[in-house]
Amino acid sequence: MSDQPILSVTVGDLARCIGAVARGDEALRIKGLAPLDTAGPNDLAYVAEPKYLRQLGQTRAGAVILTQKDADAFSGTTLIMDNPRLGFARAAHALRPEQLPGCGVHPSAVVAPGACVAPTAWIGPLAILDPGAVIGEHVTVGPGCYVGSGTTISAHTRLVARVTVLAGCVIGERCIIHPGAVIGSDGFGYARDGAAWVKIAQIGRVIIGNDVEVGSNTSIDRGALGDTVIEDGVKLDNLIQVGHNVHIGAHSAVAGCVGIAGSAHIGKRCMIGGGAGIGGHLAIADDVTIMGKTSVTGSITEPGIYSSTMSARPVTEWRKNAVRFRQLDQVVRRLMKIEEKIKQMLPGEHFE
Amino acid sequence: MSDQPILSVTVGDLARCIGAVARGDEALRIKGLAPLDTAGPNDLAYVAEPKYLRQLGQTRAGAVILTQKDADAFSGTTLIMDNPRLGFARAAHALRPEQLPGCGVHPSAVVAPGACVAPTAWIGPLAILDPGAVIGEHVTVGPGCYVGSGTTISAHTRLVARVTVLAGCVIGERCIIHPGAVIGSDGFGYARDGAAWVKIAQIGRVIIGNDVEVGSNTSIDRGALGDTVIEDGVKLDNLIQVGHNVHIGAHSAVAGCVGIAGSAHIGKRCMIGGGAGIGGHLAIADDVTIMGKTSVTGSITEPGIYSSTMSARPVTEWRKNAVRFRQLDQVVRRLMKIEEKIKQMLPGEHFE
Amino acid sequence: MSDQPILSVTVGDLARCIGAVARGDEALRIKGLAPLDTAGPNDLAYVAEPKYLRQLGQTRAGAVILTQKDADAFSGTTLIMDNPRLGFARAAHALRPEQLPGCGVHPSAVVAPGACVAPTAWIGPLAILDPGAVIGEHVTVGPGCYVGSGTTISAHTRLVARVTVLAGCVIGERCIIHPGAVIGSDGFGYARDGAAWVKIAQIGRVIIGNDVEVGSNTSIDRGALGDTVIEDGVKLDNLIQVGHNVHIGAHSAVAGCVGIAGSAHIGKRCMIGGGAGIGGHLAIADDVTIMGKTSVTGSITEPGIYSSTMSARPVTEWRKNAVRFRQLDQVVRRLMKIEEKIKQMLPGEHFE
């Protein structure tokens, strides 16, 4: 954020730090990060996609992270590595180390007797810890967060602000949970009793691994009987619904506005595009990519890319075709009938 | 939740309590609830779907709730009834009665002069009650909740934590409102004034009946002039948008990520699948089921099941067909032309 | 809201105030606003859509805002103007001026040393201001809101309740931000490092113009390097996801449950229907309307209305056609083959 202090690092040191080879002025001090088009003489920029290469000629950036191939087209100071985006991510951590708010408990926080707070943790203003909450070393519980009874927040995890983690959940190490996220709300489980619904008590937990990030206003429901499980390294964007007893495999990434229905099992290293919907009680294999807005209504057993998304068209064109879609089964039957007629007329010919 | 005390009940007593017939060891004490595959000798399990029947042979559960038909395949202690899921829901209530936090006002809560709190209600830490808020008997206003001016929360309702109910709303009895839910935010109403929008004051209320559950991070807007109405027994999952002046009939259930646009009227006992979208100013009859991700763009007058959802396919297959979709109207016209030609060639034949 | 005081204004004064021509009893005092069907003799109603005209005969409303054309069909007291909805919006402001909560800082608010609060601002109960937060004249920071370090909230803006604005953001004048909204959460940006993801620091800001409204539980991410920008007069409904570095042009309106992926650029005066999805790194021209639930997967360069929405159909009909859709490419190929055969049979004929 804009008021964080910026360290100053030489290009040579930065290269060693991010795993790149420096070319040019290794003594130049880098103080900031910026896009190519606004970077100044002490800023670091990077190019990860070919379309930005044409900006290289005009950039005033002090140094640019480039692949070996792209570096040939640039005469300025360069940090060369295979994955410039990764280099930039690492450089950002080096140049802007996360500011921890210190440790201790803000006087306005409400820490129940029986909550256990590590001495290196920080409990922010108006945070609430229920009895039996366990807050690990170097954890940040930001302003207005609520941690329920018997919940564990493990070392170095950061609840940014106004995060809710209800009772009996476990959050791993080095996680980041953004404002408005709700972890451990009741799953949507009812039994019918005539016209009415009888609530089925939701008595499982949410178990979140290490290095997980949960976006703002995302909801993760507790399990009905067993647990909802988010494995290590999973990244969840904003406004995602994770139903009860869902299991998300390690290093999967889920974009905003996705809904994952109860008991769905998503494999490792999957990527789910924004606005997609994953049905309940189905399984998605490892290494599956789901395009944005796609509906997954059955299990997917093979890695690959899957879609059910139509793209926007001018509405008059769209409607003409959408109306025909309603006749599609009949259209195919008419086509089959025509094929028969033609076979009658051309009896010797191979058809289809 | 995991630290709740568990009562211990005999199988015979449990059978009477949930309306089942006991078979086997009626004196066995049940202490917990578990899925078939992890249940132990003092746990109760149930089978509601045929696919779990094969687990019956291996289960270590002390007792299992089964239908009469399924019970024949199981030699262990059994509670027999037509709707095992309902039995399990009831058993959970018997075995794990809801822990009420007692009554009183936490010293950190901010209760405005003129707010009215029943003596049996509990106002949690850092909850806020504005002047004129009325909190009924045995209500729980959990940590960090906000109840606006003139709003009534009726008996036995539970605002779990960090719930916002804005001014002038009415919540019925025995409701459960989950964290992050916002009830009574302004509807999305503007009048055009040239290029700009002029806000139309939203002066209606939200009226919620009895036994309603509202999921985490769900938003229910107040009416523009009249009220937004959620009838008795409605169950709303997480991250649902309910626009101004929407009316949802009794015992309807709406899954996560659904958007319901302003002034839509949804009947009684409807079920709306996750991620569906309901257009504004339309009516859906009683007993309608909408499949997940479906778009409802016109009124539905007959009970039944409705869908507009395409299922995910491998992306190369999907794209080939999606491109053809853009030609669909033209394709049908070509088909019609072919039919004409064939009629010319086969003048005597009947051709659809 | 229901307990606001209502002023009393004569029809004549009201006409001048909203820019209408009065017809009938100009001395009648209007005290309330109501829909046609429930309005009483001192209420003002309006008709903006033809379908409500038939209610005119039965209405007990004291006065009705109508267009010149519709006014001919009504014998009661009338306020005549081209845009009755705009007139009603203005009348609501006149009859129910916004109640400001006064000024000052509630004793339970936590205002950090170094936060700067204008003397006419109001900081509500349990609100939190971090060091360097700047709160302008006549700003309302409602109950439970959090304003991060270095963030500016400009004059007359109202954070309703439980709003989160993280560090380093700028909110313009006269904005309304509803409960649960999160402004300035980290964007969803990672670099791959083998199977794992490395977070890319999100160091841009969110810049919001004047007269912007942000709905409840909406999330607006900060820019990765540059800023996320919401121009003047934009209206965002509830539960919207705005990704990092998105740019939304002036006076665009976005309905509920829309997801806008990172770096999308939306023009001025656009209207995005509920549940639509806008892909990342694309541009939408000015004056574009996107129908509800539509997926925009490429840039749109021309004004107009766009859709990719299918409407709900009875599920058996729907499935028949959806199965055929999977054969669509093959169907068109069969059609082409038939056309060839017919050309062989009718060699002289012109065939498309």
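Residues numbered from 1 in each chain as written. Chains lettered and ligands numbered in written order. Predicted model: local features only at pLDDT ≥ 70, side-chain atom pairs only at ≥ 80, totals over all residues.

### Comments concerning the overall build of chain A
Put simply, the rule is: To qualify as a helix, a DSSP run of H or I must reach at least 4 residues; to qualify as a strand, a run of E must reach at least 2; elements of each kind are numbered from the N terminus. To get the radius of gyration, use the C-alpha atoms; to get the globule rule, take the number of residues to the power 0.38 and multiply by 2.2 Å. Here exposure depends only on C-beta density: within 10 Å of a residue's C-beta, 20 or more other C-beta atoms make it buried, 12 or fewer make it exposed, and intermediate numbers make it partly exposed, the C-beta atoms being placed from the backbone. For every residue pair, C-beta atoms are placed from the backbone, and the pair is scored as a contact if these atoms sit within 7 Å.
Within chain A one finds five helices and 40 strands. In terms of C-alpha radius of gyration, chain A reaches 27 Å, well past the compact-globule figure of 20 Å for 352 residues. Projected onto its principal axes, the C-alpha positions of chain A cover 85 × 70 × 35 Å. For chain A, with 352 residues in total, the buried portion stands at 58%. Excluding contacts between residues fewer than 6 apart, the proportion of contacts in chain A whose partners are at least 24 apart in sequence is 21%.

### Describing the packing of helix α5 (residues 328–345) of chain A against helix α5 (residues 328–345) of chain C
As a reminder, the rule being used: Working convention: axes come from line fits to C-alpha atoms, limited for helices to the stretch in contact. Angles between N-to-C directions cover 0 to 180 degrees. Note on terminology: angles under 35 degrees are roughly parallel, angles over 145 are roughly antiparallel, angles of 65 to 115 are roughly perpendicular, and the others are oblique. For any helix crossing, the convention is left-handed if the near helix is rotated counterclockwise from the far helix by under a right angle, and right-handed if that rotation is clockwise. Residues are grouped as follows: Ala, Val, Leu, Ile, Met, Phe, Trp, Tyr, Cys and Pro are nonpolar; Asp, Glu, Lys and Arg are charged; every other residue, Gly included, is polar.
Taken N-terminus to C-terminus, the directions of α5 of chain A and α5 of chain C make an angle of 30 degrees; their axes are 11 Å apart at the nearest point. Between α5 of chain A and α5 of chain C, the crossing angle belongs to the class labelled roughly parallel. At the point where α5 of chain A passes α5 of chain C, the crossing takes the left-handed sense. Each of V332, L335, I338, E339, I342 and M345 of chain A in α5 of chain A lies in contact with α5 of chain C, whose residues at this interface are V331, R334, L335, I338, K341 and M345 of chain C. Grouping the constituent residues of the contact of α5 of chain A with α5 of chain C by class yields nine nonpolar, no polar and three charged.

### Concerning the interface of chain C and chain B
As a reminder, the rule being used: Paired strands, as defined in this entry, are two strands with at least two bridges between them according to DSSP.
Between chain C and chain B, the residue contacts involve 65 residues of the former and 67 residues of the latter. Mapped by element, the contributors of at least two residues to the side of chain C that touches chain B are α3 (84–95), β40 (313–314), α4 (315–325) and α5 of chain C. Top contributing element to the side of chain C that touches chain B by residue count: α5 of chain C, with eight residues. Grouping the amino acids of the side of chain C that touches chain B by side-chain chemistry returns 31 nonpolar, 19 polar and 15 charged. As paired strands, strand β39 (residues 304–307) of chain B and β40 of chain C are joined by two bridges and run antiparallel to one another. Residue Y306 of chain B lies in a different strand from β40 of chain C, and its bridge partner there is P314 of chain C.

### Here we look at the relation of the copies chain A and chain B
Filter applied, for reference: To line up the copies, we fit them by least squares on C-alpha atoms, keeping just the residues with pLDDT of at least 70 in both.
The operation relating chain A to chain B is a screw motion whose rotation component is 120 degrees, with 0.0 Å of axial translation and a residual RMSD of 0.0 Å. Accordingly, the operation relating the two chain copies is best matched by a three-fold axis. Here only 16% of the contact residues of chain A are again contact residues in chain B; the copies associate through non-equivalent surfaces.

### Some words on the relation of the copies chain C and chain B
Overlaying chain C on chain B yields an RMSD of 0.0 Å, the required transformation being a rotation through 120 degrees with an accompanying axial translation of 0.0 Å. When you check the interface residues of chain C against chain B, a mere 17% turn up at the interface there too, and the two sides of the contact use different surfaces.

### Structural notes on the domain arrangement of chain A
Test applied: Domain start and stop points were drawn from an automatic or database domain assignment.
Taken domain by domain, chain A comprises domain 1 (9–95), domain 2 (104–306) and domain 3 (315–345). For domain 1 of chain A versus domain 2 of chain A, the distance between C-alpha centres works out to 36 Å.

### Some points on helix α3 (residues 84–95) of chain A
Basically, it comes down to this: Expected span of a helix, by definition, is 1.5 Å for each gap between consecutive residues, and there is one gap fewer than residues.
The end-to-end C-alpha distance of α3 of chain A, which contains twelve residues, comes to 16 Å, matching closely the 16 Å that a straight helix rising 1.5 Å per residue would cover. Within α3 of chain A, burial applies to P84, R85, L86, G87, F88, A89, R90, A91, A92 and L95 of chain A.

### Focus: the nonpolar core
Heads up, the rule is: Think of a nonpolar core as buried Ala, Val, Leu, Ile, Met, Phe, Trp, Tyr and Cys residues, each tied to the set through C-beta atoms within 7 Å.
If you look at the biggest cluster of nonpolar residues, it comprises 330 residues, and the most contacted ones within it are L79 of chain A, L79 of chain B together with L79 of chain C. Sequence-distant contacts of L79 of chain C, that is, excluding residues within four places in its chain, are made with V11, L14, A15, I18, A20, A22, A63, I65 and G87 of chain C. Formed by 21 residues, the second largest nonpolar core is a distinct cluster that contains M310 and L328 of chain A, A322 of chain B together with V331 of chain C.

### Here we look at the environment of D227 of chain B
Residues and elements named next belong to chain B. Structurally, D227 can be placed in the loop between β26 (219–221) and β27 (228–230). By the C-beta count within 10 Å, which is 20 here, D227 ends up buried. Placed 107 residues apart in sequence, D227 and T120 show a C-alpha to C-alpha distance of 30 Å.

### Side note on the packing of helix α1 (residues 11–18) of chain A against α3 of chain A
All names here are of chain A. Between α1 and α3, the least distance of the axes is 9 Å, while the angle of their chain directions is 115 degrees. As for the relative orientation of α1 and α3, their crossing is right-handed in sense. For the pair formed by α1 and α3, the contact residues are L14, C17 and I18 on the first element and G87, R90, A91 and A94 on the second. Its residues assigned to classes, the contact of α1 with α3 comprises five nonpolar, one polar and one charged.

### With respect to unusual backbone geometry
All names here are of chain C. Unlike most non-glycine residues, C257 shows phi in positive territory, near 65 degrees. Mapped onto the elements, C257 comes out in the loop between β31 (253–254) and β32 (259–260). Take C257: there are 32 C-beta atoms within 10 Å of it, and that puts it in the buried class. Even without glycine at this site, S263 takes up a positive phi of about 65 degrees. Looking at where S263 falls in the secondary structure, it is placed in the loop between β32 and β33 (265–266). On the basis of neighbour count, S263 is assigned to the buried category, with 20 C-beta atoms found within 10 Å.

### Let's talk about the sheet that holds strand β38 (residues 295–296) of chain B
Residue and element names in this part refer to chain B. Judged by pairing direction, the sheet is parallel, and its ten strands sit side by side in the order β9-β12-β15-β18-β21-β26-β29-β32-β35-β38 without closing on themselves. Looking along the sheet, the strands with just one partner apiece sit at the ends: β9 (110–111) and β38. Pairing geometry for strand β15 (residues 146–147) and strand β18 (residues 164–165), over two bridges, is parallel. By the bridge assignment for β18, V147 is matched with V165.

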